[in-house]
Amino acid sequence: MEVITKINEMQTRVLSVRDRKKSIGFVPTMGALHDGHISLIRSAREENDELVVSIYLNPTQFDNSDDFDKYPRQLNKDIEIIRKENADVIFTPCTEEMYPDGFCTHVTQDKLTDALCGGVRPGHFNGVTTIVTKLFNIIDPDRAYFGQKDYQQSAIIKRLVADMNMDVDIRVCPTVREEDGLALSSRNKRLSLEDRKDALCIHGSLQKAGAMFASNVRDAKDIVEEMTSVIKKTKQARIDYISIVNADTLEDLSFINGRALAAVAVWIGNTRLIDNTILE
Ligand code: AMP
C-alpha cells in the first residue's frame, strides 16, 4: 500500500492504473476511522480493482472553528486500519497542497444545500462540493462510496455528478450503528460517558418516526412532534432541527405520500450529531 501526499504523484498513479485498464474505487474520509468508514472501504474493495482511500480534514467544510480544532486526528492509526483492509493507496494531502495560495474557485449548489444541515451550517456544503470535485478530478474514480448517515451529503453529491457530467458512480452504503442504535461517527469520540447515554435519544426519535410511519401516520407534523418529545426527555439534548422531507428533493413535507426522510441534528453537550431514517 502506498501513502501519497502529493497531487501530482496521485495523478501519476491514476494514469498507470488507467493504462492497465483497471477500475478505481474511491472512499473519501476525514480520518478518525470507525466501522462505518470500514464498511464503505470493504464495499469499494469488493467492487473495484484499485482502492483509493483519502484522509483529509477539509477546513472549508467546517462552519465552526472549535469543531475543526476538536475534530479527532489519528493519522497513523488510520493508516494501519486501511492497510488491514487491503487498500492500494491512501491519499492524504496537506492543506497547502489542496488550497495553495491564490485558490479562489468554489463549487456551489442551490436547493439541496439549503435544506436540513444547510440551513444551520452556512457554507458547509460548498466546502463539501468543492473538495469532492477536487478529489474526483485528481483520483478519477469509477465508483465513489458515501454513507447514508450523511444522507444530505450523498444526495448533494449525486446531484453534483449528474449536473457536472462527472463519470462517477455514487454508491450509498447503509449507516453502521452501535448495538444500542447510536450511529457511528468520528465525533462520538468526544462524548463523555454521560453524553454517550444522552445521545441515544437521537436513535430513539428515529425509531419513533419509523413506528408511527409503520402504523400509517402520514402527517409529518404529528411525527415531528412525537420525535421532539422523545428528544426533550433527555434534558441535556438541544435540538438543532428535526425534519421530515422528500427523500429526493429534501423539501419539507406536511404529508408523506412518497419516499420520505426523517432527519435529526441534535447537540449533546458540545457535540453536534446527525442521523436519519428513510420512511417508505
Ligand atoms: P467523514 O470521515 O465523517 O467525512 O465520513 C466519510 C464517509 O463515511 C462519509 O461518506 C460518511 O457518510 C461515511 N460514514 C460516516 N459515518 C458512517 C456510519 N456510521 N455508517 C456508514 N457510513 C458512515
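Read on for a plain summary of the structure. These numbers come from a predicted model, not from an experiment.

The rules behind the values
- Residues numbered from 1 in each chain as written.
- Predicted model: local features only at pLDDT ≥ 70, side-chain atom pairs only at ≥ 80, totals over all residues.
- Heavy atoms only, no water.
- Helix = DSSP H or I, 4+ residues; strand = E, 2+ residues; numbered from the N terminus.
- Buried < 20%, exposed > 50% of the residue type's maximum accessible area, 1.4 Å probe, protein only.
- Contact = heavy atoms within 4.5 Å.
- Phe/Tyr/Trp six-rings, centres within 6.5 Å; stacked < 30°, edge-to-face > 60°.
- Lys NZ or Arg CZ within 6 Å of the ring centre and 35° of its normal.
- Salt bridge = Lys/Arg side-chain N within 4 Å of Asp/Glu carboxyl O.
- Near = heavy atom within 4 Å.
- Polar contact = N/O pair within 3.5 Å; in protein donor to acceptor, adjacent residues only side chain to side chain.
- Areas by Shrake-Rupley, 256 points an atom, 1.4 Å probe, with all protein chains shown as cover.
- Nonpolar A, V, L, I, M, F, W, Y, C, P; charged D, E, K, R; others polar.

The topology assignment puts Asp-67 in helix 3 (residues 65–70). Relative accessible area serves as the criterion here: at 11%, Asp-67 is assigned to the buried category. In this structure, Asp-67 is in contact with Phe-62, Arg-121, Arg-187 and Arg-190, ignoring residues within four places of it in sequence.

A word on the packing of aromatic side chains. Here a ring pair, both rings aromatic, is described through the centre-centre distance and the interplanar angle of the planes. A complete count under the given rule lists four aromatic pairs for this structure. Taking 5.2 Å as the distance between ring centres and 70° as the angle between the ring planes, the aromatic pair formed by Phe-62 and Phe-68 counts as edge-to-face. A centroid spacing of 4.9 Å and a plane angle of 85° characterise the contact between Tyr-99 and Phe-103, whose relative ring orientation is edge-to-face. Of note, Lys-134 hangs over the ring of Tyr-99, and the distance from its end group to the ring centre comes to 5.8 Å. Residue placement shows Arg-218 over the ring face of Phe-213; its charged tip is 3.8 Å from the ring centre.

Okay, the pattern of salt bridges next. Taken as a whole and judged by the stated rule, the model has 21 salt bridges. As a salt-bridge pair, Arg-42 and Glu-85 come within 2.8 Å of each other at their nearest N and O atoms. Here Glu-85 lies in the loop between helix 4 (75–84) and strand 4 (89–91) and Arg-42 lies in helix 2 (residues 35–47), a separation of 43 residues in the sequence. A salt bridge links Asp-275 to Arg-177; its shortest N-O distance comes to 2.8 Å. Pair noted here: Asp-275 is in strand 9 (residues 271–279) and Arg-177 is in the loop between strand 6 (169–173) and helix 9 (193–198), with a separation of 98 residues, a long-range link. On the basis of relative accessible area, Asp-275 is assigned to the buried category, the value being 4%. Here the residues in one salt-bridge network are Asp-63, Asp-67, Arg-121, Arg-187 and Arg-190, joined through shared partners.

Neighbouring residues of the ligand: 17 residues in total, closest Met-30, His-37, Asp-150, Val-176 and Leu-184. Take Gly-147: an N or O atom from its main chain is 3.0 Å from an oxygen atom of the ligand. Contact distances for the ligand include 2.6 Å between an oxygen atom and a side-chain N or O atom of Asp-150. Its free accessible area being 490 Å², the ligand has 93% of it covered by the protein chains. At three residues, helix 2 tops the list of elements feeding residues into the shell around the ligand. When the residues that make up the shell around the ligand are grouped by side-chain class, the tally is eight nonpolar, seven polar and two charged.

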